[in-house]
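Overview (structure and organization)
What follows is the residue order along each chain.
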Amino acid sequence: MSRPRGIIIAIDGPAGVGKSTIGRLAASRLGYEFFSTGRMYRALALKALEAGLAVGDGPALAALAGRLRWEFRDSAGPEHDMYVDGALMGDRLSEEKVSRASSAVARLREVRDFMRDRQREAGRDGGVIMEGRDIGTNVFPDAELKIYLDASPEARAARRVGQLRELGQPADYGEILDFIKKRDAQDSGREHSPLKKADDGHYLDSTTLTRDQVVEEIVRLHAAAAGGGR
Ligand code: DC
């Protein structure tokens, strides 16, 4: 299939594996757009909290998602700024309570159907790295390049500890490791669109690789997948 702007690169994988950082860097290298789908789940969770809706109510949350105005505006970087009902979705999306609520919201089939359709619209012209949990399996099963980015829970916990310490925040390795293992089990064990590698995806284990090595590998895989198509 040929798309006007290039191929679609799907990057899926567990939380804390660096999909956003790596995806953004690779997108800049390739002149591609970067699209983090987790942001949409987080924004819907934030709006649901603000509206006082139960985060387990699929029909109500899908109705809310449908009423909201989702806009993606150009920004200086490879990722568009996301506006919901005219408001820029920024730092609040990273709050702990929003993270927790987004995980509940992401379990709902009605919500996932909505997100899948919007994400397909956003990415179908190609020239995009789309990152999430179900991009290669559900959103774009026909993506030209699918990568499952992984790293051991221990490596992800150690990286997280390093990030928190750099920010001057307290960090307990054991607690973080437990949390990561629980999130993995939740993401992989849910009924609708669980996290898993697409059968035709590339498995990329970054446990012992540097960030730059992972980006290089993605650029190499892109060249092979885009082939003579571009
Ligand atoms: O990647 P993230 O932490 O920003 O994702 C927020 C939540 O949304 C997380 O619980 C996983 C979920 N998610 C999902 O189920 N499917 C996606 N494509 C992206 C995120």
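The structure under discussion appears in the preceding block.
Residues numbered from 1 in each chain as written. Predicted model: local features only at pLDDT ≥ 70, side-chain atom pairs only at ≥ 80, totals over all residues. Heavy atoms only, no water.

Ordered in space as β2-β6-β1-β7-β8, the five strands form an open sheet in which the pairing is parallel. Strands at the two margins of the open sheet, each flanked by one partner only, are β2 (33–36) and β8 (202–205). Here the average twist between neighbouring strands, direction ignored, is 20°. The strands that helix α5 (residues 109–123) touches are β1 (8–12), β2 and β6 (128–132); relative to β6, the one it contacts most, it runs at about 160°. Across the sheet, helix α9 (residues 211–226) is in contact with β1, β7 (145–150) and β8; its angle to β7 comes to roughly 160°. (Pairing = 2+ DSSP bridges. Helix = DSSP H or I, 4+ residues; strand = E, 2+ residues; numbered from the N terminus. Axes fitted to C-alpha atoms, helices over the stretch in contact; angles between N-to-C directions. Contact = heavy atoms within 4.5 Å.)

What follows deals with the sheet that holds strand β5 (residues 87–88). Pairing in this open sheet of three strands is antiparallel, and the strands run β3-β4-β5 from one edge to the other. Of all the strands in the sheet, just β3 (70–73) and β5 have a single pairing partner and so form its edges. Sheet analysis places β3 next to strand β4 (residues 81–84), joined by four bridges and oriented antiparallel. Bridge pairing links Arg73 to Asp81 in β4.

The local shell around the ligand holds 13 residues, among which Arg42, Arg112, Arg133, Asp134 and Arg190 are the closest. In this structure, an oxygen atom belonging to the ligand sits 2.8 Å away from a side-chain N or O atom of Arg112. Here Arg190 contributes a side-chain N or O atom positioned 2.9 Å from an oxygen atom of the ligand. For the ligand, whose free accessible area comes to 440 Å², the fraction covered by protein is 93%. Take the shell around the ligand: its biggest share by element is three residues, from helix α2 (residues 38–51). Grouping the amino acids of the shell around the ligand by side-chain chemistry returns two nonpolar, five polar and six charged. (Near = heavy atom within 4 Å. Polar contact = N/O pair within 3.5 Å; in protein donor to acceptor, adjacent residues only side chain to side chain. Areas by Shrake-Rupley, 256 points an atom, 1.4 Å probe, with all protein chains shown as cover. Nonpolar A, V, L, I, M, F, W, Y, C, P; charged D, E, K, R; others polar.)

Our focus in this paragraph is the pattern of salt bridges. For the structure on display, the rule yields 21 salt bridges. For Arg92, the salt bridge goes to Glu95, with nearest N and O atoms at 3.4 Å. The exposure class assigned to Arg92 is partly exposed, which follows from its relative accessible area of 37%. On the accessibility criterion, Glu95 (27% relative accessible area) is partly exposed. Members of the salt-bridge network, linked through shared partners, are Lys47, Glu50, Arg92, Glu95 and Lys97. (Salt bridge = Lys/Arg side-chain N within 4 Å of Asp/Glu carboxyl O. Buried < 20%, exposed > 50% of the residue type's maximum accessible area, 1.4 Å probe, protein only.)

This next bit is on the packing of helix α1 (residues 19–30) against α9. For the pair α1 and α9, the least separation of the axes is 9 Å and the interaxial angle reads 50°. When the axes of α1 and α9 are compared, the pair comes out oblique. Helix-helix and strand crossings are classified by hand; for α1 and α9 the assignment is right-handed. On the side of α1, the interface is formed by Thr21, Ile22, Leu25, Ala26, Arg29 and Leu30, while α9 contributes Arg211, Val214, Val215, Glu216, Ile218, Val219 and His222. Across the contact of α1 with α9, the residue classes tally to eight nonpolar, two polar and three charged. (Parallel < 35°, antiparallel > 145°, perpendicular 65-115°, else oblique. Left-handed = near helix turned anticlockwise from the far one by under 90°.)

On to the packing of α2 against helix α3 (residues 58–67). Two elements in contact, α2 and α3, have axes separated by 10 Å at closest approach and are oriented at 105°. In terms of orientation, α2 and α3 fall into the roughly perpendicular class. The residues of α3 that touch α2, namely those facing Leu44, Lys47 and Ala48, are Leu61, Leu64 and Ala65. Grouping the amino acids of the contact of α2 with α3 by side-chain chemistry returns five nonpolar, no polar and one charged.

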